[in-house]
Amino acid sequence: MAGEAPELSAQERAGKAFPVSWDQFHRDCRALTWRLNEVGPFHAVIAITRGGLVPAAIVARELGVRVIDTVCIASYDHDKQGELQVLKGISDAAMKLGGGTGKGLLIVDDLVDTGKTGKLVRKMLPDAHFATVYAKPMGRPLVDTFITEVSQDTWIFFPWDTALSYHPPLRDGAA
Ligand SMILES: O=P(O)(O)OC[C@H]1O[C@H](OP(=O)(O)OP(=O)(O)O)[C@H](O)[C@@H]1O
Ligand SMILES: O=c1[nH]c(=O)c2nc[nH]c2[nH]1
Ligand SMILES: [Mg+2]
């Protein structure tokens, strides 16, 4: 409608940017594994796709876990969160390994923001251990282990979503 302010995306509302390089992400995933190594062993890793696939591969490699399953959830369309859609649930084989409740399973995602995604997966596997690399305050209570907390008004830019580009000098008004 004319005169109405356009709705801001989650990224625009966030305001602050936290860009993460591949190198930094790999290091943070390794740091996460150091913590998880004290908690395991785990029968399987469950990656929340798609963002959880990259940390799940690194964590599983470091922990020596070879059984990996996915739970496929779509919510953010680029940077706007809509209704959560479970596109693929946890496999029967992984469910069996976790005794039906997720005991001994490790859920991995790249981050928790509002916690909506994490809450849904926790409902599926209440006894699983939930690990993320990054956590914002709203989602933090849902996570058992994470590495870095960023403020709620920060948008994390992952290396698989970004590319190197020219940045104007601060003097010319760059943020
Ligand atoms: O705590 P929440 O507010 O629910 O947000 C966190 C979720 O959002 C992102 O996934 P997204 O839905 O963008 O899908 P993707 O992993 O396929 O990029 C991220 O990877 C988490 O899974
Ligand atoms: O790339 C992303 N960065 C974020 O901070 C975020 N929060 C929810 N979903 C997200 N995706
Ligand atoms: Mg995700």
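Quantities reported herein were computed from a predicted structural model and do not represent experimental measurements.

Reading the values: rules and limits
Residues numbered from 1 in each chain as written. Chains lettered and ligands numbered in written order. Predicted model: local features only at pLDDT ≥ 70, side-chain atom pairs only at ≥ 80, totals over all residues. Heavy atoms only, no water. Helix = DSSP H or I, 4+ residues; strand = E, 2+ residues; numbered from the N terminus. Contact = heavy atoms within 4.5 Å. Near = heavy atom within 4 Å. Polar contact = N/O pair within 3.5 Å; in protein donor to acceptor, adjacent residues only side chain to side chain. Areas by Shrake-Rupley, 256 points an atom, 1.4 Å probe, with all protein chains shown as cover. pLDDT = per-residue confidence, 0-100. Expected span 1.5 Å × (residues − 1). Buried < 20%, exposed > 50% of the residue type's maximum accessible area, 1.4 Å probe, protein only. Arc of directions from axis to C-beta. Nonpolar A, V, L, I, M, F, W, Y, C, P; charged D, E, K, R; others polar.

## What to know about the environment of Gln81
Secondary-structure assignment places Gln81 in strand β4 (residues 80–88). Excluding anything up to four places from it in sequence, Gln81 contacts Ser75, Tyr76, Thr114, Lys116 and Thr117.

## Here we look at the site of ligand 1
The local shell around ligand 1 holds 15 residues, among which Arg50, Asp109, Asp110, Thr114 and Thr117 are the closest. The side chain of Asp110 places a nitrogen or oxygen atom 2.6 Å from an oxygen atom of ligand 1. One nitrogen or oxygen atom from the side chain of Thr117 is found 2.6 Å from an oxygen atom belonging to ligand 1. With the chains in place, 88% of the 490 Å² that ligand 1 exposes on its own is no longer accessible. Only β3 (68–77), β5 (105–112) and α5 (116–124) provide two or more residues apiece to the shell around ligand 1. Here the element with the most residues in the shell around ligand 1 is β5; it accounts for four residues.

## What to know about unusual backbone geometry
Pro41 follows Gly40 through a cis peptide bond whose omega is 5°. Assignment of secondary structure puts Pro41 in the loop between α2 (22–37) and β2 (44–49). The omega torsion across Thr49 and Arg50 is -5°, close enough to zero to call that bond cis. The topology assignment puts Arg50 in the loop between β2 and α3 (53–63).

## Digging into the confidence of the model for the chain
Put simply, the chain has an average pLDDT of 92, and 91% of its residues get 70 or more. Listed scores for the predicted complex are pTM 0.91 and ipTM 0.98.

## Digging into α2
Helix length check: α2, at 16 residues, gives a terminal C-alpha distance of 22 Å against a target of 22 Å (1.5 Å per residue), a fit within 8%. Every buried residue of α2 is listed here: Phe25, Asp28, Cys29, Leu32, Thr33 and Leu36. Buried residues in α2, looked at end-on, bunch into an arc of 145°, giving them a common side. Those residues of α2 that are exposed and aimed more than 90 degrees away from the buried face are Trp34 and Asn37.

## What to know about the environment of Leu106
If you trace the backbone, Leu106 turns up in strand β5. In this structure Leu106 comes out as buried when scored by relative accessible area, which is 0%. Distance from Leu106 to Gly40, taken between C-alpha atoms, is 8.5 Å for residues 66 residues apart in sequence. Residue contacts for Leu106: discarding those within four places in its chain leaves Leu36, Phe42, Ala44, Val45, Ile46, Val59, Leu63, His129 and Ala131.

## Comments concerning the site of ligand 2
Taken together, the neighbourhood of ligand 2 is formed by Tyr76, Leu111, Asp113, Lys136, Trp155, Ile156, Phe158 and Asp161. At a separation of 2.9 Å, an oxygen atom of ligand 2 approaches a polar side-chain atom of Lys136. Residue Trp155 places a side-chain N or O atom 3.4 Å away from a nitrogen atom belonging to ligand 2. Expressed as a share of its isolated accessible area of 280 Å², the protein-covered part of ligand 2 is 88%. Each residue belonging to the shell around ligand 2 can be placed in one class, and the counts come to five nonpolar, no polar and three charged.

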